[in-house]
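So the chains spell out like this:
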Amino acid sequence: MISTSYQLSKQLPKDLKGRSKSSQEWLIRQLADPYVEKARMLNYRCRSAFKLIEIDDKFSLLAPGHCVVDCGAAPGSWTQVAVHRVNATRKDTKKPVGRVIAVDRNPIYPIEGAILMGGVDFTAPSAQARLLELLDGKKVDVVLSDMAPNATGVHAMDHENILHLAYSALRFALQVSCVGASVLLKIWDGRESSRLEKDIAKFYKQVRFAKPPASRGDSAETFLLARMFKGLKS
Ligand SMILES: C[S@@+](CC[C@H](N)C(=O)[O-])C[C@H]1O[C@@H](n2cnc3c(N)ncnc32)[C@H](O)[C@@H]1O
């Protein structure tokens, strides 16, 4: 039996039998999740879109004309939100036109207004060299990282692995950001989170943890949001 308070029995698919317990639980959670339905209705590729929407609605990271690098972008819902909010699709002819470059080690299917680098490991020097080429000297306003490693289930190890990705995005952000820029980094909370927070605070005037309502309460996921990049001394 599945231990869940699942109420939507009328939506229960008939083919639950034969699935593993964890797969059944995942499916039931998806069906009961209002963000999944909302994402489908609004044509977002996944429910993660609402994490960025909620953070941006609260902290106003993205604005028309901004240049954004989205790390760990597949399947692409953050990129969909970003292209819209920075006006990379030129839908609003009166506002400045932004730019979004999306990177993921998995393929990313085309997204109008975005420059995609699918099948690329962001942490590889060659990937970052390619990004620098694409930026062609243009400074970045926002670096997003929703990168997540494959979870092993061993919390300490997963925490360490995701921190490695977050530091990689941070190092890149320090290199390419304009003064006043922001960075948003996903981590799974753990004992080294405060170290990352302290390290970020050396370079940004405002640093805070953000846990948007769309981020499941039972998950260790949290976001470090740093704003007002101080710039690097040359
Ligand atoms: C939670 S998903 C991102 C979801 C995405 N923000 C969206 O809204 O569609 C995490 C992603 O990080 C990517 N990832 C993990 N390690 C990576 C790396 N070293 N380089 C590039 N992408 C990576 C994974 O392939 C995965 O697609």
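Quick caveat: nothing in here was measured; it's all calculated off a predicted structure.

## Re the packing of aromatic side chains
Next up, step 1: A complete count under the given rule lists five aromatic pairs for this structure.
Next up, step 2: On the basis of an interplanar angle of 35° and a centroid distance of 5.8 Å, the ring pair of Trp78 and Phe223 is categorised as tilted. One end of the pair, Trp78, is in helix α4 (residues 77–85); the other, Phe223, is in strand β7 (residues 221–229), and 145 residues separate them in sequence.
Next up, step 3: Owing to a relative accessible area of 2%, Trp78 belongs among the buried residues under this scheme.
Next up, step 4: Here Phe122 and Phe172 contribute two aromatic rings whose centre-to-centre distance is 5.5 Å and whose plane-to-plane angle is 85°, an arrangement assigned as edge-to-face. In this pair, Phe122 sits in the loop between β3 (114–117) and α5 (125–135) while Phe172 sits in helix α6 (residues 155–176), placing the two residues 50 residues apart along the sequence.

## Regarding the site of the ligand
Next up, step 1: Around the ligand sit 20 residues in total, of which Gly76, Ser77, Asp104, Asp121 and Asp146 are the nearest.
Next up, step 2: Gly76 places a main-chain nitrogen or oxygen 2.9 Å from an oxygen atom of the ligand.
Next up, step 3: One nitrogen or oxygen atom from the main chain of Arg105 is found 3.2 Å from a nitrogen atom belonging to the ligand.
Next up, step 4: Summarising the interface, the protein chains cover 89% of the accessible area of the ligand, which totals 610 Å² for the free molecule.
Next up, step 5: Assessed atom by atom at 2 Å from the grid points, the ligand resides in the largest pocket.
Next up, step 6: Here the shell around the ligand is composed, by residue class, of ten nonpolar, five polar and five charged.

## A word on the UniProt feature "domain: Ribosomal RNA methyltransferase FtsJ" (unreviewed entry) in the chain
Next up, step 1: As recorded in UniProt, the feature "domain: Ribosomal RNA methyltransferase FtsJ" (unreviewed entry) lies at residues 44–228.
Next up, step 2: Measuring from the first to the last C-alpha atom of residues 44–228 gives 29 Å, for a span that is 34% helix and 25% strand.

## A word on α5
Next up, step 1: Within α5 the residues assigned to the buried category are Ala127, Gln128, Leu131, Leu134 and Leu135. The buried residues of α5 occupy one face: seen down the axis, they fall within an arc of 115°. Of the exposed residues in α5, those oriented more than 90 degrees away from the buried face are Pro125, Ser126 and Glu133.
Next up, step 2: Phi for Asp136, located one or two positions after α5, is positive at around 50°.

Criteria and thresholds
- Residues numbered from 1 in each chain as written.
- Predicted model: local features only at pLDDT ≥ 70, side-chain atom pairs only at ≥ 80, totals over all residues.
- Heavy atoms only, no water.
- Phe/Tyr/Trp six-rings, centres within 6.5 Å; stacked < 30°, edge-to-face > 60°.
- Helix = DSSP H or I, 4+ residues; strand = E, 2+ residues; numbered from the N terminus.
- Buried < 20%, exposed > 50% of the residue type's maximum accessible area, 1.4 Å probe, protein only.
- Near = heavy atom within 4 Å.
- Polar contact = N/O pair within 3.5 Å; in protein donor to acceptor, adjacent residues only side chain to side chain.
- Areas by Shrake-Rupley, 256 points an atom, 1.4 Å probe, with all protein chains shown as cover.
- 1 Å grid on protein atoms, 1.4 Å probe; cavity = no way out; pocket = protein on both sides within 12 Å on 5 of 7 lines; lining within 4 Å.
- Sits in = over half its atoms within 2 Å of the grid points.
- Nonpolar A, V, L, I, M, F, W, Y, C, P; charged D, E, K, R; others polar.
- UniProt positions renumbered as here; feature names shortened; annotations may be inferred.
- Arc of directions from axis to C-beta.

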